[in-house]
Amino acid sequence: MTFTQRVFSGIKPSGDLHLGNYLGAIRRFVPLQDTHETLYCVVDMHAITVWQDPVDLKRWTYEIAAAYIAAGLDPRKSIIFNQSQVVEHAELGWIFNCVARVGWMSRMTQFKDKAGGEGGENSEQVSLGLYAYPSLMAADILLYKATAVPVGDDQKQHLELTRDIAKKFNHDYKKQIKALGGKGDFFPVPETLATGPAMRVKSLKDGSKKMSKSDASDMSTIYMMDDADLIAKKIKRATTDADALPSEAAGLAGRAEAENLVGIYASLSNRSVDDVLGEFGGQGWGVFKPALADLSVAVLAPIADEMKRLVSDRGEMDNILRDGAARARTIAEPVMAGVRDIVGFVR
Ligand code: TYM
């Protein structure tokens with residue numbers, strides 16, 4: 001089947017996958033493969049912007065590719081690959097380094113968080129790659145002229161920057177694009193797909209922090225590979241207030257931890273928050289938490305089992321990633337050839 005819209009998204013192999021990655025990204029990738037042409041990448045070149053042990057980097061790369069498939073992505077429908085097997089990502093990333101402005105990068109909150117505030121107090125410690133990371137991310141997306149990008153909330157700012165880079169490239173090279181026979185813009189300005197109840201899954205221990213791969217407290221994060229007992233234990237110990245659940249979404253205002261757990265329930269069950277509260281409104285945590293634990297295990301356990309099976313066959317995983325990279329390259333190569341001509345590189 002041929003589709004008119006193309007989707008690209010990626011996950012960094014820099015830690016164990018967690019519930020936030022699943023609900024904010026992977027779970028939402030799956031239905032798109034029936035309505036769009038889809039490319040889902042394991043962005044290993046992004047991962048090394050902070051130090052990665054090479055053995056872990058490989059393990060996590062396979063694990064993410066396995067999670068994609070275990071969660072329902074079909075490698076025949078979706079192009080599944082790791083970024084470093086398609087070298088054009090780096091080439092276009094460099095060109096975008098020359099399109100993007102230093103000031104744009106300096107405003108990225110993720111960089112400021114890692115480099116230590118506005119002044120970048122830690123900037124002697126962080127890599128140059130970490131600073132330039134958003135232009136590589138723009139290259140990932142625009143190399144395929146993707147029109148839609150499903151991500152969680154924390155990536156929205158990087159997507160805005162991708163849009164700015166696409167617009168600036170189209171503007172700066174307008175004359176050449178026309179001279180080479182282009183009718184309008186060379187790059188599309190991609191749309192961010194980030195709506196739903198679990199776009200920012202919070203830490204189970206602190207409703208003001210997002211669930212992340214690098215949280216110091218293991219009890220704050222549900223990992224995709226956690227077993228049923230551990231998932232139940234983490235949910236049981238999740239921080240909450242003492243009040244009963246409200247009967248509609250508005251009643252969750254100012255109750256970050258409660259909002260988080262209800263959002264997770266809604267997302268895992270494909271229901272709206274209001275619908276979930278229609279069922280649990282007036283109940284206490286003693287009822288809600290066990291129900292959430294059961295639901296989480298019912299959804300996550302089969303995925304974890306399938307992930308384990310898939311990663312144990314590295315030969316098969318290598319075949320899938322190699323085939324995905326070859327298909328990705330057939331889209332990337334003509335786009336890159338166009339970019340080289342537009343920029344004025346002799347070839
Ligand atoms: P990464 O690897 O940090 O996260 C992968 C995806 O998971 C989402 N996510 C969450 N969603 C909800 N709640 C959370 N607590 C949570 N934590 C993570 C992220 O929003 C993301 O969608 N820069 C990207 C990877 C990337 C990319 C791309 C994404 C590189 N190139 C091109 C899209 C398109 C990143 O570091 O994601």
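Nothing here was measured: the structure is a model prediction, and the numbers come from that model.

Participant: I'm lost on the pairing of strand 3 (residues 79–82) in this one. Help?
Facilitator: Across the two faces of strand 3 the burial is the same, with I79 and F81 and I80 and N82 all buried. Pairing of strand 2 (residues 37–42) with strand 3, which is carried by four bridges, proceeds in the parallel orientation. Paired with V42 across the two strands is N82, which belongs to strand 3.

Participant: What is the right way to look at the site of the ligand in this model?
Facilitator: The environment of the ligand is made up of 27 residues, and the closest members are Y133, D140, D154, V201 and K213. A distance of 3.1 Å separates a nitrogen atom of the ligand from a polar backbone atom of G20. Side-chain polar atom of D140 to a nitrogen atom of the ligand: 2.7 Å apart, as the coordinates give it. For the shell around the ligand, the class distribution of residues is 13 nonpolar, nine polar and five charged.

Participant: Even after reading the chapter, I still don't get the domain arrangement of the protein, so can you show me in this structure?
Facilitator: Bring the parts together and some accessible area is lost; that lost area is often taken as the interface size. Under the domain assignment, the protein is made up of domain 1 (4–197 + 313–341) and domain 2 (216–307). Taking only C-alpha atoms into account, the centre of domain 1 sits 30 Å from that of domain 2. Taken together, the contacts link 13 residues of domain 1 with 18 residues of domain 2. Together domain 1 and domain 2 conceal approximately 1400 Å² of surface at their shared face, both sides included; 75% is due to carbon and sulfur atoms. Area buried by domain 1 at its contact with domain 2 is led by L19, R27 and P197, which between them contribute 39% of it. Summed over the shared surface of domain 1 and domain 2, the result is zero salt bridges. Remark: the boundary between domain 1 and domain 2 carries five residue pairs in polar contact (both at pLDDT 80 or more). Listed by contribution, the elements that provide at least two residues to the side of domain 1 that touches domain 2 are helix 1 (19–32) and helix 3 (54–70). Here the side of domain 1 that touches domain 2 is composed, by residue class, of nine nonpolar, one polar and three charged.

Participant: Where do I start with the packing of helix 4 (residues 88–97) against helix 7 (residues 128–142) in this structure?
Facilitator: The geometry of helix 4 relative to helix 7 is characterised by a closest axis approach of 8 Å and an angle of 125° between their N-to-C directions. Between helix 4 and helix 7, the angle falls in the class oblique. The interaxial crossing formed by helix 4 with helix 7 has right-handed handedness. Where helix 4 abuts helix 7, its residues H89, A90, L92, G93, F96 and N97 lie against A132, S135, L136, A138, A139, D140 and L142. Class assignment for the residues of the contact of helix 4 with helix 7 results in eight nonpolar, four polar and one charged.

Participant: Please clarify how helix 7 should be interpreted in this entry.
Facilitator: One full turn of an α-helix is made of 3.6 residues, so residues set three or four places apart face in the same direction. Spanning 15 residues, helix 7 covers 22 Å between terminal C-alpha atoms, matching the ideal 21 Å at 1.5 Å per step. A bend of about 45° at P134 is the largest found in helix 7. Extensive coverage of helix 7 is indicated by the burial of 11 of its 15 residues. For helix 7, the full list of buried residues reads L130, Y133, P134, S135, L136, M137, A138, A139, D140, I141 and L142.

What counts as what
- Residues numbered from 1 in each chain as written.
- Predicted model: local features only at pLDDT ≥ 70, side-chain atom pairs only at ≥ 80, totals over all residues.
- Heavy atoms only, no water.
- Buried < 20%, exposed > 50% of the residue type's maximum accessible area, 1.4 Å probe, protein only.
- Helix = DSSP H or I, 4+ residues; strand = E, 2+ residues; numbered from the N terminus.
- Pairing = 2+ DSSP bridges.
- Near = heavy atom within 4 Å.
- Polar contact = N/O pair within 3.5 Å; in protein donor to acceptor, adjacent residues only side chain to side chain.
- Nonpolar A, V, L, I, M, F, W, Y, C, P; charged D, E, K, R; others polar.
- Domains from an automatic or database assignment.
- Contact = heavy atoms within 4.5 Å.
- Buried area = accessible area lost by both parts, 1.4 Å probe.
- Salt bridge = Lys/Arg side-chain N within 4 Å of Asp/Glu carboxyl O.
- Axes fitted to C-alpha atoms, helices over the stretch in contact; angles between N-to-C directions.
- Parallel < 35°, antiparallel > 145°, perpendicular 65-115°, else oblique.
- Left-handed = near helix turned anticlockwise from the far one by under 90°.
- Expected span 1.5 Å × (residues − 1).
- Bend = angle between axes of the 7 residues up to and from the residue.

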